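# Structural features, examined
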Protein chains: 2
Amino acid sequence: MSRIGIFDSGVGGLTVQRAILAALPSADTVYLGDTARVPYGTKSAETVTQYSLRNARVLARREIDLLVVACNTASAVALPALRAELPVPVLGVVEPGARVAAKASRTGRIGVIGTQGTVASGAYQAAILRERPGAEVVARACPLFVPLAEEGWTDPDDEVVRGVVRRYLDPLRDAAIDTLVLGCTHYPLLREAIARALPEVRLVDSADAIAEEVRARIPAVAGRSGVHRFLVTDVPERFLGVAGRFLGRTVESAEHVDV
Amino acid sequence: MSRIGIFDSGVGGLTVQRAILAALPSADTVYLGDTARVPYGTKSAETVTQYSLRNARVLARREIDLLVVACNTASAVALPALRAELPVPVLGVVEPGARVAAKASRTGRIGVIGTQGTVASGAYQAAILRERPGAEVVARACPLFVPLAEEGWTDPDDEVVRGVVRRYLDPLRDAAIDTLVLGCTHYPLLREAIARALPEVRLVDSADAIAEEVRARIPAVAGRSGVHRFLVTDVPERFLGVAGRFLGRTVESAEHVDV
């Protein structure tokens, strides 16, 4: 049976795991959330690469067949280092999200929102241009979206949510994009509020895009339900308290690991 | 000449350093910002204590005479471990802030705002009750305040700022507090917006409170200006970009250290 390793800076990557499980319910998974060092999105490429390698080494010892980098920031800056070191295929969320967005856009005017690290890396912008030369990409960091999602302030009728979303997205609306990549694992929790602010824009969730790639590589087994393990670098309690909201099912236990 | 070591989870502790320099301009300082692991406020007491010990060891090697824990979360959970290990006096921001608040309040109804870690530790609540038995303490975590301050969204007329501040502070207003401790290094940047939401309430900044304690322990030298060094655990660029807003003077260079 195939076992998929997934790591993220914290709890947000569970939205990626959720999409993978919906596409491929028979696969086993080991998820590592680096909750002692979260977030990655405000940190340098050097530091994020160092943390990503440590996470990947822990997962490699769990006999995984494929590594999924669920964190957009790590996908944007650490893939070459991870691919150079790991003995298994490594998939990030940036390439699949960029590919879907490049195909979905009619006008070629594509927006990308993510962390400061993801936007500063230029990784989505470059990947979209590789898929669709001549596209115009408008990228914007939205640092308040992660704490909003973690507070559970996601109601599109909430005046604070509306205010923050409009402050970040009005420039993208003015740039007349027709497609927007949700380039951070937390942003799907704000999907409805984002859609309200950009009603004519197609939203691309990188989690769905990578789930398709995983399904294409891992054989499904009819009638089997996968076994799922969770590892965290801080104590498990807080992770367990919020994991359900991100994964869409209860997480009953998680193991503390040092990386 | 006396040298003061100061550590914080990141850049916020520069508001504490700023208060210390205003009170004691002749002292030398070494500031360590753990920018690779920031924030501490969402992490467990175990992890914050481990990081605090590592920071303190780096500073101890720089021949400091006194260690100031500028981070409220670290002050709330790690002081006993730090005092057990360090060969120099260790001061946190919680005790001084609690003492000033306990004295300032007329009614004994005192509010405390801080990170999730600081509020959950109960450290401010306990310290206020030690100073003033019978006080009623209402504590509230305000997770959005740190990213608001880091985005520079602090204008009290800004509708997003007003909305977030009111959401967190309306319950404190309803609890009829007359004194509020700003129990996180970032919160002084939101002071005006907080004052607008709680116009009758006295605001206590723990940075000012600890600066008085430091001045009482370190001899001042007339006419001397201290020498200030800055250490960071992530690459220095982002720290240097925002440090001025927190310190109130330009920071020209910072050294990268591994802890």
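What counts and what doesn't
By convention here, each chain's residues receive numbers from 1 onward along its written sequence. All chains are assigned letters beginning at A, and all ligands numbers beginning at 1, according to the order in which they are written. Side-chain atom pairs in this predicted model are given and counted only at pLDDT of 80 or more, local residue features only at pLDDT of at least 70, and totals for whole chains, interfaces and linings cover all residues. Side-chain numbers here rest on the full set of heavy atoms in the structure, without hydrogens or water. Secondary structure elements follow DSSP: runs of H or I no shorter than four residues count as helices, runs of E no shorter than two count as strands, and numbering proceeds from the N terminus. A radius of gyration in this sense is built from C-alpha atoms; the matching globule rule multiplies 2.2 Å by the number of residues raised to 0.38. Accessibility here uses a 1.4 Å probe with only protein chains present; expressed as a share of the type maximum, an area under 20% marks a residue as buried, one over 50% as exposed, and anything in between as partly exposed. Residue contacts follow a heavy-atom distance rule, with two residues in contact if any of their heavy atoms lie within 4.5 Å. Domain extents, as shown, originate in an automatic or database domain assignment. Each reported salt bridge corresponds to a side-chain nitrogen of Lys or Arg within 4 Å of a carboxyl oxygen of Asp or Glu. For this analysis, a polar contact is any N or O atom pair within 3.5 Å, provided that within protein one partner can donate a hydrogen and the other can accept it, and provided that sequence-adjacent residues contribute only side-chain to side-chain pairs. Basically, the charged four are Asp, Glu, Lys and Arg, the nonpolar ten are Ala, Val, Leu, Ile, Met, Phe, Trp, Tyr, Cys and Pro, and anything else, Gly included, counts as polar. When DSSP locates at least two bridges between a pair of strands, those strands are taken to pair. Axis lines are fitted through C-alpha atoms, for helices just across the contact stretch, and the angle between N-to-C directions can take any value from 0 to 180 degrees. UniProt positions are given in the numbering used here, feature names are shortened, and annotations may be inferred rather than shown by experiment. For the least-squares superposition of copies, only C-alpha atoms count, and only for residues with pLDDT at least 70 in both. Once two parts are brought into contact, the accessible area they lose, counted with a 1.4 Å probe and summed over both, makes up the buried area.

## Overview of the overall build of chain A
Each helix and strand counted, chain A has eleven helices and ten strands in total. Taken over the C-alpha trace, chain A has a radius of gyration of 17 Å; the compact-globule value for 259 residues is 18 Å, and the two agree within 12%. Here chain A, with 259 residues, has 59% of them falling under the buried criterion. Expressed as a percentage of contacts within chain A between residues at least 6 apart in sequence, the contacts between residues at least 24 apart total 75%.

## Thoughts on unusual backbone geometry
Residues and elements named next belong to chain A. The omega angle of the peptide bond from V38 to P39 is 0 degrees, so this bond is cis rather than trans. Structurally, P39 can be placed in the loop between strand 2 (28–33) and helix 2 (45–60). Within the chain, E63 stands out as a residue other than glycine whose phi angle is a positive 60 degrees.

## A short note on the domain arrangement of chain A
Accessible area lost when the parts come together is the quantity often used to give the size of an interface. Residue and element names in this part refer to chain A. The domain architecture assigned to chain A consists of domain 1 (3–92 + 209–256) and domain 2 (94–206). For domain 1 and domain 2, the distance between their C-alpha centroids amounts to 22 Å. On the side of domain 2, 24 residues touch domain 1, which itself brings 20 residues to the contact. If you look at where domain 1 meets domain 2, you find one salt bridge. The salt bridge involving R99 is made with E213; its shortest N-O contact spans 2.2 Å. Along the contact surface separating domain 1 from domain 2 lie twelve residue pairs in polar contact (both at pLDDT 80 or more). Among the secondary structure elements, those contributing two or more residues to the side of domain 1 that touches domain 2 are helix 1 (14–23), helix 3 (72–85), helix 10 (206–217) and helix 11 (236–247). It is helix 3 that provides the largest number of residues to the side of domain 1 that touches domain 2, a total of five residues. Residue classes in the side of domain 1 that touches domain 2 are distributed as eight nonpolar, nine polar and three charged.

## A few points about the sheet that holds strand 7 (residues 179–183) of chain A
Residues and elements named next belong to chain A. If you walk across this open sheet you meet the four strands as 6-5-7-8, and the pairing is parallel. Every other strand in the sheet has two partners, leaving strand 6 (136–141) and strand 8 (202–205) as the edge strands with one partner each. The mean inter-strand angle of the sheet, taken between neighbouring strand axes irrespective of direction, is 20 degrees. Most of the contacts of helix 4 (residues 94–104) go to strand 8, to which it runs at about 160 degrees, and overall it touches strand 5 (109–114), strand 7 and strand 8.

## Section: the UniProt feature "active site" (unreviewed entry) in chain A
Residues and elements named next belong to chain A. With numbering matched to this structure, UniProt assigns "active site" (unreviewed entry) to C71 and C184. These residues run over 114 residues, yet every pair of their C-alpha atoms falls within 7.1 Å of each other. Examined against the element boundaries, C71 turns out to sit in the loop between strand 3 (66–69) and helix 3. Using a relative accessible area of 5% as the deciding quantity, one classes C71 as buried. Leave out the neighbours within four places in its chain, and C71 touches F7, D8, S9, Y40 and V93. Here C184 lies in the loop between strand 7 and helix 9 (191–197). What makes C184 buried here is its relative accessible area of 7%. With residues near it in sequence (within four places) discarded, C184 still touches N72, I113, G114, T115 and V146.

## Section: the relation of the copies chain A and chain B
The second copy of the chain is related to the first by a rotation about an axis and a shift along the axis. You can overlay chain A on chain B at an RMSD of 0.0 Å; the transform is a turn of 180 degrees with a shift of 0.0 Å along its axis. Expressed as an axis order, the relation between the two copies is that of a two-fold axis. Of the C-alpha atoms belonging to chain A, the one lying closest to the rotation axis is found on R37(A), 2.5 Å away. Of all interface residues in chain A, 100% are interface residues in chain B too; the two copies therefore contact each other through one and the same surface.

## Examining the interface of chain A and chain B
Taken together, the contacts link 31 residues of chain A with 31 residues of chain B. Summing the contributions of chain A and of chain B, the shared interface buries around 2,600 Å²; its carbon and sulfur component is 51%. On the surface where chain A and chain B come into contact, there are four salt bridges. A salt bridge links E159(B) to R166(A); the shortest N-O distance between them is 4.0 Å. The tally of links between chain A and chain B comes to 16 residue pairs in polar contact (both at pLDDT 80 or more). Among the elements of the structure, helix 2, helix 7 (145–151) and helix 8 (159–174) of chain A are those that each provide at least two residues to the side of chain A that touches chain B. Per element, the largest residue contribution to the side of chain A that touches chain B is seven residues, and it comes from helix 8 of chain A.

## A look at the side chain of S52(A)
All names here are of chain A. Assignment of secondary structure puts S52 in helix 2. Reaching out from S52, the side chain makes a polar contact with the backbone oxygen of V48 at a distance of 2.7 Å. In this view, S52 contacts F7, Y40, A74, A78 and L82; residues no more than four positions away in its chain are not counted.

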